[in-house]
Number of protein chains: 2
Amino acid sequence: MCGHEPGRRRDNRCDCRGARMEGFLQPCLLLLLYEKSTHGYELMESMNRLGLWEGVPDAGAVYRNLRRLEEEGLVRSHWSTSGPGPARRRYEITPEGVDYLHDWAVTIRRNKAALETFLRRYEDIFGQDKEMEKGD
Amino acid sequence: MCGHEPGRRRDNRCDCRGARMEGFLQPCLLLLLYEKSTHGYELMESMNRLGLWEGVPDAGAVYRNLRRLEEEGLVRSHWSTSGPGPARRRYEITPEGVDYLHDWAVTIRRNKAALETFLRRYEDIFGQDKEMEKGD
DNA sequence: ACTCCCTATCTGCTATTTACATATGTGTGT
DNA sequence: ACACACATATGTAAATAGCAGATAGGGAGT
């Protein structure tokens, strides 16, 4: 969850450090697959287009996560040779995957609440307009 | 960012997997230090009390992050022997730390937006009340 | 004195994950 | 033949959280 031109900070490390919410990829994939069974490449594009991910998510991460979801029985896949272009592995969510998605929604609500708690305190001190000043 | 009784899933792994927002500890520490200079132990308690963290954050992580923030010049510290109990290392935020905090606020707003995008789509499908059904 | 517990800090280790780079192969247009 | 977009996969490095455990001071109770 980065989507940067590698901006560097005082310590010469990417300032996206820490911005990543580990595992958020999985519920995103499951949600999109619930809406429409499709293959990895399109899932990547959808995530970017819909604003679920800043920039295009890492292809390696997407494919690996899909494979792992399948190992755990949360999605199923089959090769689809119909249609143009190279063969695609088409994924669909399983009932177990839907359960898992619901669990994740709870977690995500909790995480959002923590971020909101942070931002509430932050804005109490600095105001909501602080980010405007930083438009460089 | 866990704070569970280790609930296990189908794959025998903690279902908090992925719930952790990497690096979120740092902006939390900086924000609290902006509000009040204090020592690691109290920061841990504050994070829990204020709902910035689910449960008490890991002590090792807190102390290590404070040390790293100091290496990077974002906080300063000195030993405080006055007061009861063992010596405490009292931290205070630096001007660079405040800058860093502002950068983080931007990142956190972006992350919150991604979570909201997810939840909006999710709730469009399942409704906001889905989590109620799961009250076990 | 002695033990127990709370406060307080620090370190070692491991599992997991992301981000990046790279490899492989198909089909289409020129 | 060639370039290019589509599509999937793997190797590797860096970083972090979580857990366990070590070290120590100081107060309360016996």
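Rules and cut-offs
Residues numbered from 1 in each chain as written. Chains lettered and ligands numbered in written order. Predicted model: local features only at pLDDT ≥ 70, side-chain atom pairs only at ≥ 80, totals over all residues. Heavy atoms only, no water. Axes fitted to C-alpha atoms, helices over the stretch in contact; angles between N-to-C directions. Helix = DSSP H or I, 4+ residues; strand = E, 2+ residues; numbered from the N terminus. Parallel < 35°, antiparallel > 145°, perpendicular 65-115°, else oblique. Left-handed = near helix turned anticlockwise from the far one by under 90°. Contact = heavy atoms within 4.5 Å. Nonpolar A, V, L, I, M, F, W, Y, C, P; charged D, E, K, R; others polar. Pairing = 2+ DSSP bridges. Expected span 1.5 Å × (residues − 1). Core = buried A, V, L, I, M, F, W, Y, C linked by side-chain atoms within 4.5 Å. Buried < 20%, exposed > 50% of the residue type's maximum accessible area, 1.4 Å probe, protein only.

Visitor: Report on the packing of helix 2 (residues 40-50) of chain A against helix 3 (residues 59-71) of chain A, specifying residues and quantitative values.
Guide: All names here are of chain A. At a minimum axis separation of 10 Å, helix 2 and helix 3 run at an interaxial angle of 120 degrees. As far as their axial angle goes, helix 3 and helix 2 are oblique. As helix 2 packs across helix 3, the resulting crossing turns out to be right-handed. Two secondary-structure elements touch here, helix 2 through Gly40, Tyr41, Leu43 and Met44 and helix 3 through Ala59, Val62, Tyr63 and Leu66. The class makeup of the residues in the contact of helix 2 with helix 3 is 7 nonpolar, 1 polar and no charged.

Visitor: Help me get a handle on the sheet that holds strand 3 (residues 88-93) of chain B, residues and values and all.
Guide: All names here are of chain B. Taken together, 3 strands build an open sheet; the order of strands is 1-3-2 and the sheet is antiparallel. This sheet does not close on itself; its edge strands, each paired only once, are strand 1 (38-39) and strand 2 (75-80). As judged from the 2 bridges shared by strand 1 and strand 3, these two strands associate in the antiparallel manner. When the bridges of strand 3 are listed, His39 appears paired with Arg90. Across the face of the sheet, helix 1 (residues 25-35) comes into contact with strand 1, strand 2 and strand 3 while running at roughly 90 degrees to strand 3.

Visitor: Any chance you could break down helix 4 (residues 95-126) of chain B for me, citing the residues and the numbers?
Guide: Over its 32 residues, helix 4 of chain B runs 46 Å from end to end, which matches the ideal 46 Å to within 8%, given 1.5 Å per residue. Phi turns positive one or two residues past the end of helix 4 of chain B, at Gly127 of chain B, with a value near 85 degrees.

Visitor: Outline the nonpolar core, listing residues and values.
Guide: With 66 residues, the main nonpolar core has Phe24 and Phe118 of chain A together with Phe24 and Phe118 of chain B as its most contacted residues. Residues contacting Phe118 of chain B, with those up to four places away along its chain left out, are Phe24, Pro27, Cys28, Leu31, Leu52, Leu101, Ala105 and Ile108 of chain A.

Visitor: Tell me about the pairing of strand 3 of chain B, and please be specific about residues and values.
Guide: With 6 bridges joining them, strand 2 of chain B and strand 3 of chain B adopt antiparallel strand pairing. Counted as the bridge partner of Ser77 of chain B is Tyr91 of chain B from strand 3 of chain B.

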